[in-house]
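# A look at the structure
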Number of protein chains: 4
Amino acid sequence: MTLSVALVGSTGYTGLEVARLLSNHPSARLQIATARSDAGKHITEVHPSLTGRVDLTLKEFDANEIAQSCDVAMCCLPHGASAETVKELIEAGVRVIDFSADFRLSSVEVYESWYKVKHPWPQRVGDTVYGMPEFFADAISGADVVANPGCYPTSAIMPLAPLIRERLIDPHDIIVDSKSGVSGAGRSAKVATLYCETNESIAAYAVGSHRHQPEIEDLVGRITSQPIQVVFTPHLTPMSRGILSTIYARPAEHGSTDRVEQIMQCWRDTFADSHFVNPVEHLPATGHVAGTNYVQMAARGSGDRLVLLCAIDNLAKGASGAAIQNMNVMFGIDPTTGLR
Amino acid sequence: MTLSVALVGSTGYTGLEVARLLSNHPSARLQIATARSDAGKHITEVHPSLTGRVDLTLKEFDANEIAQSCDVAMCCLPHGASAETVKELIEAGVRVIDFSADFRLSSVEVYESWYKVKHPWPQRVGDTVYGMPEFFADAISGADVVANPGCYPTSAIMPLAPLIRERLIDPHDIIVDSKSGVSGAGRSAKVATLYCETNESIAAYAVGSHRHQPEIEDLVGRITSQPIQVVFTPHLTPMSRGILSTIYARPAEHGSTDRVEQIMQCWRDTFADSHFVNPVEHLPATGHVAGTNYVQMAARGSGDRLVLLCAIDNLAKGASGAAIQNMNVMFGIDPTTGLR
Amino acid sequence: MTLSVALVGSTGYTGLEVARLLSNHPSARLQIATARSDAGKHITEVHPSLTGRVDLTLKEFDANEIAQSCDVAMCCLPHGASAETVKELIEAGVRVIDFSADFRLSSVEVYESWYKVKHPWPQRVGDTVYGMPEFFADAISGADVVANPGCYPTSAIMPLAPLIRERLIDPHDIIVDSKSGVSGAGRSAKVATLYCETNESIAAYAVGSHRHQPEIEDLVGRITSQPIQVVFTPHLTPMSRGILSTIYARPAEHGSTDRVEQIMQCWRDTFADSHFVNPVEHLPATGHVAGTNYVQMAARGSGDRLVLLCAIDNLAKGASGAAIQNMNVMFGIDPTTGLR
Amino acid sequence: MTLSVALVGSTGYTGLEVARLLSNHPSARLQIATARSDAGKHITEVHPSLTGRVDLTLKEFDANEIAQSCDVAMCCLPHGASAETVKELIEAGVRVIDFSADFRLSSVEVYESWYKVKHPWPQRVGDTVYGMPEFFADAISGADVVANPGCYPTSAIMPLAPLIRERLIDPHDIIVDSKSGVSGAGRSAKVATLYCETNESIAAYAVGSHRHQPEIEDLVGRITSQPIQVVFTPHLTPMSRGILSTIYARPAEHGSTDRVEQIMQCWRDTFADSHFVNPVEHLPATGHVAGTNYVQMAARGSGDRLVLLCAIDNLAKGASGAAIQNMNVMFGIDPTTGLR
């Protein structure tokens, strides 16, 4: 069996990464790639790195055409716009992996207050599956639409959820200090992400107001059935890819003196069957996982705090790699196919 | 008057930065530059960027020769080795600015337990002046030896000390998450700081064990007369220069709802006469202060925390720029001379 | 005496560099800074790195206001638009240093065929002084308008002109392979110069069609009274600043076997009185001259060719540093003032 | 069938890339990985990025052990040392792909004069197959030892050889100006390749004296049966991976006015059956081929010259990717296996 995949919204970095990963996937192929203003161009005009690897002309979006020839659509559209497209695709009978935040949160109210838009399809909010197979594999396998996780949330939920579920850390005193490569800011022309603006410079942004904060809180809450609060600070880092989250937590009261080893053991147990998530003894660097779907996590003690470190590639495990992994799970393929 | 300066230990990045800054200083000139294995070479063989700017041959260290021709020595040597050289210079009658950590801490015991060496001149530990003119200008002006501050401590003490002195934040719940450029790791040949190891990758290091943690605690304690504890995590960031410290603090009990404005006002009051320290409304980036002696600081609220951000250039205000500023203060010159 | 300077077009990288250099210039100060869409903003809102260094609000352009309060205007505007503004300023009685290409070439026809615009003030084309004090200092000192050189041409004319004038190389077989940092592409929002597009990637652009080719040929011709042809290929290099030109030339027939030494001697003779131009024995790197007005040049033999290497900072000696140097010469100040 | 592979010399960047590529190869697996000083360590201690992907402990080299369990050995050792090891392996009955230069050249004399060592196995020099399947596939398929091409030569031979064979360009007037990422300099601890030395700086090195010059001349000569001379200048570029070669050639006398189209057609014909080599209309960037085995080539006219541009990844098609491709050819597997 070879899956036929539609890529809706092909011109950004996540679209490029989907196309790249599919070109190397033994049981899936990119069948249709859509774009708005670039429709009619060959995909290699927009992404020269696909030369020799993908031979497609970009098309206008047409849900029925996709329904006729594709098993699944990957939607790489901005929030708001995405939900409308997802609705069309679902109604046309296509299963969807949605890269936007439109179906990630449990609550329409929380969504609308953080994203400042009216949700176009509020009926589906809350009952959509969050595309993190490490925690929701069963639901993903049967889902019609999967909300692909945000990049920062991936790097925070993975290490935090198991520890809160096992009551190893205090759910009310958590600081997530994240460092992201510039591709996280997207591929639209903005002065702020010009080479000379971000090169040789690191800065925080959206302090106390980044939309991934409620996503972290919501999902850890769903996984652990415990409400949590996080202080979240993202930083723009002079590199193309990668996220490192440095997480400060207090041990829960019953934490023993072997807290770091307890944490590592909890992670090893949680992720025993997950090929991609690796608790490691060394301190993870984003360079260790660049271009891959792997996750590296480590723990250290520092004063009265536990310091948890989690490195991912923001475009792979933080976006397009996770989407491929979700697709594999949705269609009963080995989750690691095309991602090793 | 033109000051004659000796640079002891010329081959590293701080030595280069001293030579560069002095080449542009209207009232000081580099008279002697020493090096061990490179003695005999022209300084531009070691630092080609000084071509046309500095015309000196590197010499072996000789305290008496320095005493005869120089007003002040800048010591850029490793800890332990530095204290011995400083002692020789002081005894020969030369005033010294010491870049090492040997005279920064108040306690010989703390020094020896963190630095794992026997201190060669313990008598002077604790009564040496810390070279941060924003807090210790009077003492610096009369000092025979000034302990030039560490780079990370500069980025933490500057924002923290005023707020703790004014009891605006809790001194017992402080997290300092710092991101440094690679020049902070020095210029010796190590695999870990090769281009391909650090490029496109960010990682924490020395979590819970970095020697700048006791320096931050000691100095904030000295300035504020309050004991503090910090959790400190340094990160190696893919850029040559700069430090951004993201500091998480809890407001002290009497903190009003205008906490961020209170903090800004406290900083503005503290640094009103300091040309280099600028509280700013925007979020500081290391690129904003690269290559300069300036400090940018900002504050934001995030959940139940205050987030303080401080950007410096690790080689300038974090090392050689501070040393020039200290020299200016020691010799009664306008502190900004040669540093604007 | 303190010169009053107007900066016309303040929001780009060359404008920022002018403001930065003037903030450190002992005999000049930035009096007026203009911008179109950003008029009314404080200059530090557009350039946060000027915080604490420049305190000015950006204004609309007004030639008469500039004439009343300024000795000289630095025009950092796009070609075409620049010539009109220069005309207004000259007619209002202000001396001008023009960063555009509008007055660099000798011929209106060549200008119009390469720049695809009608020249707004063709009368002044050809009799305007080219702002390279190493060759035109006398003319610059008396000029009302100085055409500030292009960045690539600076890196090619400096090494080539002396050798062609002395007939050491063949003027008809010259290849200039140049590598520039991304700041050369300006500060406007374009996908092509986003961080992730240019980081970790080098590429040629405008092969055989870059507008700096006729500028190199025109100026070397003017300096040497010999027509020359160059093949010129610029490359976008993953760094913010700097140009390295690698130039391939054939020795002229009378070239002796000591050609490399002859070349070095020719350069040393030509630039004996120039503080900034340094023939060097080592192979120049752009990092050696980053952020400075210095030029490093070297020569090597390779097969039947001479390889000439020239490194400059594209924003300093290639633009704003050269402009400050020109200003110094125009007003009888030591050329190195504010640039060491 | 699954091939068993030995990696001899595992600690450098080419060794890492071999291990990475094999971890994703469907018909080969890494069986033995050797190292000298790191023998006994797990491979992920030396290369943390292999965590979860390769589970091997590094061993001392033992030719007989390799012969017993492996079908092929990849030798990533320095020149000189490599030839001795290759000899041992061949004599033990293992087929070898040698990454060093020891068997690339036709002449022992040329080798010894450029590499300044006595060749340890001169008998095999000259009759060894050069591992570029685009030109030598038949010989590779039967070879016991394949000399894996140098990185720069790959980027020069690919575009040049077809054009010289078809007499489209003059073989005696060729300039190759190459720009390489820093990984080309290897992973040993040297000041010259520290992050802060190479970041934000480009420079030429080994002008007129780089050992890849005779390799280019020798191989183009072998492929085309015409002697050629090249002027070759390598540059160290601030990026981890990638080579761009900008090649200046004169059209041969019979060159028509459609020279650029003729060149493109010649390349299309030559590489019609090669999956990896792509003549492209756009100007190739190293970022387009980073991390892949692809080659992009383009041509332009500029004055009296043709400018040929060729981009590869120095560690993939320039080293380890080519080795995997050679292995596939040696064992009758589809050449693109594990490399798409």
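Only a predicted model underlies this, so the values are computations on that prediction, with no experimental measurement involved.

Parameters at a glance
Residues numbered from 1 in each chain as written. Chains lettered and ligands numbered in written order. Predicted model: local features only at pLDDT ≥ 70, side-chain atom pairs only at ≥ 80, totals over all residues. Heavy atoms only, no water. Helix = DSSP H or I, 4+ residues; strand = E, 2+ residues; numbered from the N terminus. Rg over C-alpha atoms; globule rule 2.2 N^0.38 Å. Buried < 20%, exposed > 50% of the residue type's maximum accessible area, 1.4 Å probe, protein only. Contact = heavy atoms within 4.5 Å. Areas by Shrake-Rupley, 256 points an atom, 1.4 Å probe, with all protein chains shown as cover. Lys, Arg positive; Asp, Glu negative; His and termini not counted. Charge placed at Lys NZ, Arg CZ, Asp CG, Glu CD. Buried area = accessible area lost by both parts, 1.4 Å probe. Salt bridge = Lys/Arg side-chain N within 4 Å of Asp/Glu carboxyl O. Polar contact = N/O pair within 3.5 Å; in protein donor to acceptor, adjacent residues only side chain to side chain. UniProt positions renumbered as here; feature names shortened; annotations may be inferred. Expected span 1.5 Å × (residues − 1). Bend = angle between axes of the 7 residues up to and from the residue. Phe/Tyr/Trp six-rings, centres within 6.5 Å; stacked < 30°, edge-to-face > 60°. Lys NZ or Arg CZ within 6 Å of the ring centre and 35° of its normal. Least-squares fit on C-alpha atoms with pLDDT ≥ 70 in both. Domains from an automatic or database assignment. Pairing = 2+ DSSP bridges. Arc of directions from axis to C-beta. Right-handed = clockwise from strand over helix to strand, strands pointing away.

## Here's the deal with the overall build of chain A
Of regular secondary structure, chain A possesses 12 helices and 13 strands. Scaling as 2.2 N^0.38, a compact globule of 340 residues should have a C-alpha radius of gyration of about 20 Å, and chain A matches this with 19 Å. Projected onto the principal axes, the alpha-carbon positions of chain A cover approximately 60 × 45 × 40 Å. Taking all 340 residues of chain A together, 65% fall into the buried category. Taking contacts inside chain A between residues at least 6 apart in sequence as the whole, the part at least 24 apart equals 70%. Carbon together with sulfur atoms contributes 47% to the accessible area of chain A, which is approximately 11100 Å² in total. Chain A carries 27 positive and 37 negative side-chain charges, and their two centres are separated by 2 Å.

## Here's the deal with unusual backbone geometry
With a phi angle near 55 degrees, E200(B) is a residue other than glycine that sits in the positive phi range. Among the secondary structure elements, E200(B) is positioned in the loop between α8 (195–198) and β8 (203–204). Not every positive phi belongs to a glycine, and K116(C) is a case in point at roughly 60 degrees. By the secondary structure assignment, K116(C) is in the loop between α5 (108–115) and β5 (129–130). In this structure K116(C) comes out as exposed when scored by relative accessible area, which is 66%.

## Comments concerning the interface of chain B and chain A
Across the contact, 39 residues belong to chain B and 39 residues belong to chain A. Together, the buried faces of chain B and chain A total about 2900 Å²; carbon and sulfur atoms form 59% of this surface. On inspection of chain B and its partner chain A, the count reaches six salt bridges. D173(A) is the partner of R305(B) in a salt bridge, and the nearest nitrogen-oxygen pair spans 2.7 Å. Between chain B and chain A we count 20 residue pairs in polar contact (both at pLDDT 80 or more) in total. Where the side of chain B that touches chain A is concerned, the elements lending two or more residues are β7 (169–180), β8, β9 (230–236), β10 (243–251), α11 (286–289), β12 (295–302) and β13 (305–312) of chain B. For the side of chain B that touches chain A, the element with the highest residue contribution is β7(B), accounting for five residues.

## Re the UniProt feature "active site" (unreviewed entry) in chain A
All names here are of chain A. As annotated in UniProt, the feature "active site" (unreviewed entry) corresponds to C151 in the numbering used here. When you line up the elements, C151 lands in helix α7 (residues 151–165). For C151, a relative accessible area of 13% puts it in the buried group. Beyond its immediate chain neighbours, meaning those up to four positions away, C151 contacts H212, I243, I312, N314 and G318.

## Side note on helix α7 (residues 151–165) of chain C
Along an α-helix, residues three or four apart share an orientation, since each turn contains 3.6 residues. All names here are of chain C. Here α7 is 15 residues long and its end C-alpha atoms lie 22 Å apart, about the 21 Å a rise of 1.5 Å per residue gives. The principal kink in α7, of about 35 degrees, is found at I157, preceding the proline P159 by one to four residues. For α7, the tally of buried residues reaches 14 of 15 residues, placing the bulk of the element in the interior. Positive phi appears at R167, one or two residues downstream of α7, with a value of about 55 degrees.

## So, the packing of aromatic side chains
Aromatic ring pairs are described here by two measures, namely the spacing of the ring centres and the angle between the planes. Under the counting rule described, the total for this entry stands at 26 aromatic pairs over all chains. Seen from their ring centres, F276(A) and Y294(A) are 5.5 Å apart, and the 75 degrees between their planes marks the pair as edge-to-face. Of this pair, F276(A) sits in the loop between α10 (259–270) and β11 (277–279) while Y294(A) sits in the loop between α11 (286–289) and β12 (295–302), placing them 18 residues apart in sequence. A relative accessible area of 3% means that Y294(A) is categorised as buried. Sitting over the face of the ring of F331(A), R95(A) holds its NZ or CZ atom 4.9 Å from the ring centroid. The residue whose ring lies beneath R124(C) is W121(C), and the NZ or CZ to ring-centre distance is 5.7 Å.

## Side note on the relation of the copies chain B and chain A
The transform that puts chain B on chain A rotates by 180 degrees and translates by 0.0 Å along the axis, for an RMSD of 0.0 Å. On the angle and the small slide along the axis, the relation comes out as a two-fold axis. Distance from the rotation axis, computed per C-alpha, reaches its smallest value in chain B at P238(B): 3.2 Å. Take the interface residues of chain B: 100% of them recur as interface residues in chain A, which is what a same-surface contact looks like.

## A look at the relation of the copies chain C and chain B
Between the two copies of the chain lies a rotation about an axis combined with a shift along it. Superposition of chain C onto chain B requires a rotation of 180 degrees combined with a translation of 0.0 Å along the rotation axis, giving an RMSD of 0.0 Å. Most of the interface of chain C is mirrored in chain B, where 100% of its interface residues again form contacts.

## Observations regarding the interface of chain C and chain B
In this complex, chain C contributes 19 residues to the contact, which on the side of chain B involves 19 residues. For the chain C and chain B pair, buried surface summed over both sides reaches about 1600 Å², with 49% attributable to carbon and sulfur atoms. Counting the surface chain C buries against chain B, the share from its top three residues, T51(C), R53(C) and R340(C), is 28%. Remark: the boundary between chain C and chain B carries zero salt bridges. For the pair chain C and chain B, the interface holds four residue pairs in polar contact (both at pLDDT 80 or more).

## Quick look at the domain arrangement of chain A
Residue and element names in this part refer to chain A. Domain boundaries in chain A define domain 1 (3–127) and domain 2 (152–314). Put simply, the middle of domain 1 and the middle of domain 2, counted by C-alpha atoms, are 26 Å apart. The junction of domain 1 with domain 2 conceals about 1300 Å² of combined surface from both sides, 47% of it contributed by carbon and sulfur atoms. Interface area lost by domain 1 to domain 2 is led by Y13, R104 and W114, which between them contribute 48%. The interface formed by domain 1 and domain 2 holds two salt bridges in total.

## Overview of the environment of L309(B)
Inspection of the secondary structure assignment puts L309(B) in strand β13. Note on L309(B): relative accessible area 1%, which makes it buried. C-alpha of L309(B) to C-alpha of Q296(B): the two residues are 13 residues apart in sequence and 8.0 Å apart in space. Non-local contacts of L309(B), meaning those with residues more than four positions away in its chain, are made with A204(A), V207(A), S245(B), T246(B), L283(B), P284(B), Q296(B), M297(B) and A298(B).

## A short note on the sheet that holds β12(A)
All names here are of chain A. A sheet is described by the order of its strands in space; here seven strands give the open sequence β8-β9-β7-β10-β13-β12-β11, paired in mixed fashion. Taken across any chain shown, the strands that pair with only one partner, and hence form the sheet edges, are β8 (203–204) and β11. Both β8 and strand β9 (residues 230–236) contribute to a ladder of two bridges, which runs antiparallel. Opposite A204, over in β9, you have H235 as the bridge partner.

## Concerning α5(C)
Residues and elements named next belong to chain C. Among the residues of α5, those classed as buried are V108, Y111 and Y115. For α5, the arc enclosing every buried residue in end-on projection is 65 degrees, short of the 170-degree limit, so these residues lie on one face. Two residues or fewer past α5, K116 is found with a positive phi of approximately 60 degrees.

## With respect to the pattern of salt bridges
The tally for this structure, following the rule as stated, stands at 88 salt bridges over all chains. Here R241(C) and E17(C) are joined by a salt bridge, their closest N and O atoms 2.8 Å apart. Here R241(C), found in the loop between β9 (230–236) and β10 (243–251), pairs with E17(C), found in helix α1 (residues 13–22); they are 224 residues apart in sequence, far enough to count as distant. Residue E65(C) is joined to K59(C) by a salt bridge in which the shortest nitrogen-to-oxygen separation is 2.6 Å. Given a relative accessible area of 26%, E65(C) falls into the partly exposed group. Here the salt bridges share partners, and the residues they tie into one network are D173(A), R250(A), D304(A), R305(A), D173(B), R250(B), D304(B) and R305(B).

## Examining the pairing of strand β13 (residues 305–312) of chain C
Residues and elements named next belong to chain C. Judged by how many residues are buried, β13 sits mostly within the fold: eight of eight residues are covered. Inspection of the sheet shows β10 paired to β13 by seven bridges, in the antiparallel sense. Paired with I243 across the two strands is I312, which belongs to β13. Counted along the chain from strand β12 (residues 295–302) to the antiparallel partner β13, the turn is two residues long, and its residue G303 has a positive phi close to 60 degrees.

## Comments concerning the pairing of strand β4 (residues 95–98) of chain D
Residues and elements named next belong to chain D. Pairing geometry for strand β3 (residues 72–75) and β4, over four bridges, is parallel. Paired with V72 across the two strands is R95, which belongs to β4. Since β3 and β4 lie parallel, the crossover through helix α4 (residues 81–92) that links them has a hand, and here it is right-handed.

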